[in-house]
Amino acid sequence: MVGQTISLATSYSDLGQVTLGGLATGAVYALLLLGVLALFKVSRSINFAYGQVGMVAAFGSWYLYSSRGWPVVVAVLAGTALAVTVSAATELAVRRIPERGAGLDLVVTLGVFLLLTSMAQNLVDSNSHIYLSMLIDKRTVIGGVYVNGNDVAVVVTALLAIGAFYWLLIRTSLGVSLRASAESPAIARSAGINVGLLRTGTWAAAGLVAAVVGMFTASRLSVDAFYMTPVLIKVFIAGMIGGLDRFFAPLIAAFLLGLYEAWVSYFVGANAATPAVFLLIIVVLALMPKRFAEENREVRA
């Protein structure tokens, strides 16, 4: 009886540990998806290079403090500034696409993805490296579950960022301008809104978000030229499930996707996590094709 009780307590603590890890992973997905949503809402573009913007921040800062001897804070700020600049420059490239060039934004951002990846490999290297711990070594035990500072930080950051962006989008005049620019750029311009500046500013802000996510992810895994690509794929899956024209639905889907991965790894095995994610999207597409086909272009919460 005592042995069964200990075993049951251990299984509960293990499940709690897995759930916390899944929640933190979901927070990473949600935070990156927030940037994807911001770009889509203001410019109706999907940026395939968005994950690499985060890679630039983390890989660039790692290179500066490890190989060039820069102070860590200065290196992190420089990497962040580089990511913001790259994101804003990508918008300027996308903006030059003619209105009749539908779909060319995907080609442009895919080209930026390849360019950033190639530059990272040639200017730095192709190896994986350990990044800053970012509180991952600060931990405490609550109810038999190890809680580290990195998990707490990423969850809190994601929730605060989501709340702040929703407030800005719904409750401020800037949010009204953003939505107007997305719905009808011509009408927005006639109303005196500087659509170009607004879009560039949004892409720059999204670059900041990508930089934060890139550094959090690097601290949890490692940093190299490709480490953000699987993360971005799963972010797009969450966006597809929830719908990029919505706000809360895809973000909730991102959190749930992180939990789903963690639970599959725990109950089935780590090697089953990635196939399970793609099986999930196949099931979703099979069960809800009509919603994807008929989804309108209104921003809904």
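The following paragraphs examine the structure supplied in this document. A quick note: this is a predicted structure, and the numbers were derived from the prediction, not measured.

## A few points about the packing of aromatic side chains
Logical step 1: Tallying each qualifying case throughout the model produces 8 aromatic pairs.
Logical step 2: Each ring, one from Phe59 and one from Trp62, has its centre 5.9 Å from the other, and the planes form 35°; the classification is tilted. Here Phe59 and its partner Trp62 are both found in helix α2 (residues 50-66), 3 residues apart, which amounts to about one turn of the helix. Taken as a pair, Phe59 and Trp62 share a single burial class, namely buried.
Logical step 3: A centroid spacing of 5.3 Å and a plane angle of 45° characterise the contact between Tyr166 and Phe247, whose relative ring orientation is tilted. Here Tyr166 is found in helix α5 (residues 149-171), whereas its partner Phe247 is found in the loop between α9 (229-242) and α10 (248-267), with 81 residues between them in sequence.

## Regarding the pattern of salt bridges
Logical step 1: Enumeration over the complete set of coordinates arrives at 3 salt bridges.
Logical step 2: A salt bridge links Lys234 to Glu261; the shortest N-O distance between them is 2.7 Å. Taken together, the residues Lys234 in helix α9 and Glu261 in helix α10 connect sequence positions 27 residues apart.

Parameters and conventions
- Residues numbered from 1 in each chain as written.
- Predicted model: local features only at pLDDT ≥ 70, side-chain atom pairs only at ≥ 80, totals over all residues.
- Heavy atoms only, no water.
- Phe/Tyr/Trp six-rings, centres within 6.5 Å; stacked < 30°, edge-to-face > 60°.
- Helix = DSSP H or I, 4+ residues; strand = E, 2+ residues; numbered from the N terminus.
- Buried < 20%, exposed > 50% of the residue type's maximum accessible area, 1.4 Å probe, protein only.
- Salt bridge = Lys/Arg side-chain N within 4 Å of Asp/Glu carboxyl O.

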